[in-house]
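Here is how the chains run, residue by residue.
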Amino acid sequence: MDVPAFESMDPTGAREHFGSLPRPPTVDCRDVRDIDAGGIDARLYRPVDGTTGLLVWFHGGGWVIGDIDSTEDVCRSLANRSGHCVLSIEYRLAPEHPFPAPLMDCLEATRWAHDHAGELDIDPARMAVGGDSAGGNLAAVVANIAPVPLVHQLLVYPVTDSRMGSDSYTDNAEGYFLTAAAMRWFTGHYLSGTQGSIDDPRVSPLLTSAETLRQCPPATVLTAGFDPLRDEGTAYATRLADEGVPVGHVQFADQMHGFFTQIALIADARSANALAAQALSEAFAPAGS
């Protein structure tokens, strides 16, 4: 891919570089439109007509890069495969807007979607959150804070422990796109303000109290074998399960960080998207069905 190391660039340069990579959508969706989610830019994907469930999706990119354009195929795929709506959120990025600004945007957009369910033609009792990487981190924290009732959380190779001390940080420190050095770069920018720390459960949800985790919605956690984040994703799934939360955890052992978004290129990405969509479909199913 001839991608420069993240830590060799400044945030503006990293955004320009990754924003210049071609990424036209390869997945059709019946209705895609940009909306204002309470002052936050968002994009709504609707595969069918009628009241339906809603996945509020937070894109990856280490809280520093990425946008709703970069996650087009994933949102279209999840909407089509699940038969339910997806709302992708354009949250503010660090370091211009460090923690907790991105999290606050995600919380506000989730509240807005619940409060405006009628306008969106979705069922406010059938809402879920999800995201990949840093977006998975944001989704996990939103699920823990629970600003609205949620029926599911979809966490794709999520950041759950910003202390970065797991074995997978050593095993997969370099050579597989996302490196340990890049994660230090991302986390440093995210925590470059005056609030938050690597020990804050809103930054490292693995450190969330047992009492809070017990109240969480059921989860689907997907991890990749060749990923610095592999072990913390697994550890988070284990913690949720230990606290009695229904969890489905699947590790794609032969994949690396970022594979989930490469639907047009990688068969495992299509399989992972199908698995995630099935979990959403089941979570959104009417009670007793």
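Residues numbered from 1 in each chain as written. Predicted model: local features only at pLDDT ≥ 70, side-chain atom pairs only at ≥ 80, totals over all residues. Heavy atoms only, no water.

### Quick word on the overall build of the protein
Okay, step 1: Helix and strand counts for the protein stand at ten helices and eight strands.
Okay, step 2: Its C-alpha atoms give the protein a radius of gyration of 17 Å, within 12% of the compact-globule value 19 Å for 289 residues.
Okay, step 3: Seen through its C-alpha atoms, the protein measures out along the principal axes to roughly 50 × 45 × 40 Å.
Okay, step 4: Taking all 289 residues of the protein together, the buried fraction comes to 53%.
Okay, step 5: Restricting to contacts in the protein with at least 6 residues of sequence separation, those with at least 24 account for 75%.
Okay, step 6: About 11,300 Å² of surface is accessible on the protein, with carbon and sulfur atoms providing 50% of the total.
Okay, step 7: Each charge class in the protein was averaged separately, 18 positive and 38 negative side chains, and the resulting centres sit 3 Å apart. (Helix = DSSP H or I, 4+ residues; strand = E, 2+ residues; numbered from the N terminus. Rg over C-alpha atoms; globule rule 2.2 N^0.38 Å. Buried < 20%, exposed > 50% of the residue type's maximum accessible area, 1.4 Å probe, protein only. Contact = heavy atoms within 4.5 Å. Areas by Shrake-Rupley, 256 points an atom, 1.4 Å probe, with all protein chains shown as cover. Lys, Arg positive; Asp, Glu negative; His and termini not counted. Charge placed at Lys NZ, Arg CZ, Asp CG, Glu CD.)

### Here we look at the environment of Met9
Okay, step 1: Relative to the elements of secondary structure, Met9 occurs in the segment before α1 (11-19).
Okay, step 2: Here the alpha-carbon distance between Met9 and Arg30, two residues 21 residues apart in the chain, equals 38 Å.
Okay, step 3: Those residues in contact with Met9, other than ones at most four positions away along the chain, are Pro4, Ala14, His17, Phe18 and Trp185.

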